[in-house]
Amino acid sequence: DSGVTQTPKHLITATGQRVTLRCSPRSGDLSVYWYQQSLDQGLQFLIQYYNGEERAKGNILERFSAQQFPDLHSELNLSSLELGDSALYFCASSVATQGYYGYTFGSGTRLTVV
Amino acid sequence: DAKTTQPNSMESNEEEPVHLPCNHSTISGTDYIHWYRQLPSQGPEYVIHGLTSNVNNRMASLAIAEDRKSSTLILHRATLRDAAVYYCILRDVKGTSGTYKYIFGTGTRLKVLA
């Protein structure tokens, strides 16, 4: 157990639907990062939050949004789902945004859009 | 973001050392070199990081070239459990406005032969 908890582990939904993925960071970590991993694209950075504030954005689609709550857990919302959104979604956390602090990744949520 | 280049795949025999190379010719003076690995069906996990000097930990060693344009991750005795995708990533220790994120490349898929 890495200390980063992601739920659900698996999710199957239909095209056009909306889902919410949840991440609880490791205790004491203030930064949360979301990554998408599809078969043909590797790990793609989506977005970062630090202590409730958005800090960096990657290749995140407008149909996707995220937030980090006061208790530091984060949610990634995916709407108007398409078949191509099927992927593994990973959350990672770290103590801070700067420095050489490594990331701790969760075990991911596997999203299948049918 | 500074880029890294790694071979797509490598093979090693069990119980033998493995040297995983990474080129990062555009590295800047403040970039740390980080290595992560991703075991099948799991999130990436931290392996090791370094700035200028060679580094050792319980998992591996990191050898950094004097000009820092390349580095090598060394697994001293590969086991079947080391079969994974290994990612070499550069991280700016300062960042801007306290933001930074890892940009993962395609990594090296290590196959360990029994």
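Residues numbered from 1 in each chain as written. Chains lettered and ligands numbered in written order. Predicted model: local features only at pLDDT ≥ 70, side-chain atom pairs only at ≥ 80, totals over all residues. Heavy atoms only, no water.

**Q** Run through the overall build of chain A, naming residues and quoting values.
**A** Along chain A, the regular secondary structure elements total zero helices and 11 strands. Going from N to C terminus, chain A has its helices and strands arranged as β-β-β-β-β-β-β-β-β-β-β. Its C-alpha atoms give chain A a radius of gyration of 13 Å, near enough to 13 Å, the size a compact globule of 114 residues would have. Projected onto its principal axes, the C-alpha positions of chain A cover 40 × 30 × 25 Å. Across the 114 residues that make up chain A, the buried fraction comes to 51%. Relative to all contacts within chain A whose residues are 6 or more apart in sequence, the contacts with residues 24 or more apart total 55%. About 5,400 Å² of surface is accessible on chain A, with carbon and sulfur atoms providing 47% of the total. The averaged location of the 10 negative side-chain charges in chain A is 3 Å from the averaged location of its 8 positive side-chain charges. (Helix = DSSP H or I, 4+ residues; strand = E, 2+ residues; numbered from the N terminus. Rg over C-alpha atoms; globule rule 2.2 N^0.38 Å. Buried < 20%, exposed > 50% of the residue type's maximum accessible area, 1.4 Å probe, protein only. Contact = heavy atoms within 4.5 Å. Areas by Shrake-Rupley, 256 points an atom, 1.4 Å probe, with all protein chains shown as cover. Lys, Arg positive; Asp, Glu negative; His and termini not counted. Charge placed at Lys NZ, Arg CZ, Asp CG, Glu CD.)

**Q** Can you break down the overall build of chain B residue by residue, with the values?
**A** Counting its regular elements, chain B contains zero helices and nine strands. Going from the N terminus to the C terminus, chain B shows its helices and strands as β-β-β-β-β-β-β-β-β. Every one of the 114 residues in chain B was classed for burial, and the buried ones make up 46%. Taking as baseline every contact in chain B between residues at least 6 positions apart, the subset at least 24 positions apart corresponds to 59%.

**Q** Tell me about the pairing of strand β3 (residues 19–24) of chain A, and please be specific about residues and values.
**A** Residue and element names in this part refer to chain A. Going residue by residue along β3, you find Val19, Leu21 and Cys23 tucked away on one face and Thr20, Arg22 and Ser24 left uncovered on the opposite face. Pairing of strand β1 (residues 5–7) with β3 involves three bridges; the strand directions are antiparallel. Bridge pairing links Gln6 to Cys23 in β3. When β3 meets strand β8 (residues 74–78), the two strands line up antiparallel, connected through five bridges. In the sheet register, Cys23 faces β8, and the bridge partner there is Ser74. (Pairing = 2+ DSSP bridges.)

**Q** Outline the pairing of strand β9 (residues 108–113) of chain B, listing residues and values.
**A** All names here are of chain B. The two faces of β9 differ: Thr108, Leu110 and Val112 on one face are buried, but Arg109, Lys111 and Leu113 on the other face are not. Looking at chain direction, strand β1 (residues 9–13) and β9 are connected through five bridges and run parallel. Each bridged residue has a counterpart across the sheet, and for Ser12 the counterpart in β9 is Val112.

**Q** Any chance you could break down the sheet that holds strand β7 (residues 64–68) of chain A for me, citing the residues and the numbers?
**A** All names here are of chain A. The strand order β1-β3-β8-β7 describes an open sheet built from four strands, whose pairing is antiparallel. Each of the sheet's edge strands pairs with one partner strand only, and the pair in question is β1 and β7. Going from strand to strand, the sheet's axes swing by 15° on average, the running direction of each strand aside. (Axes fitted to C-alpha atoms, helices over the stretch in contact; angles between N-to-C directions.)

**Q** Quick rundown of the side chain of Thr109 of chain A? Include the residues and the values.
**A** Residue and element names in this part refer to chain A. Note on placement: Thr109 falls in strand β11 (residues 109–113). Taking relative accessible area as the criterion, Thr109 reaches 0% and is therefore assigned buried. Among the polar contacts made by the side chain of Thr109, one reaches the main-chain carbonyl oxygen of Pro8 at a distance of 2.6 Å. Setting aside residues no more than four positions away along its own chain, Thr109 makes contact with Gln6, Thr7, Pro8, Lys9, Leu21, Ala87, Leu88 and Tyr89. (Polar contact = N/O pair within 3.5 Å; in protein donor to acceptor, adjacent residues only side chain to side chain.)

**Q** Before we move on, can you summarise the state of the cysteines with the specific residues and values?
**A** Residues and elements named next belong to chain B. Within this structure, the stated rule accounts for two disulfides over all chains. Sulfur-sulfur distance for the disulfide between Cys22 and Cys88 comes to 2.1 Å. Judged by the torsion about the S-S bond (-80°), the Cys22/Cys88 disulfide is left-handed. A residue pair is termed long-range when its members are at least 10 positions apart, and Cys22 in strand β2 (residues 18–23) and Cys88 in strand β8 (residues 84–92) qualify at 66 residues. (Disulfide = S-S within 2.5 Å.)

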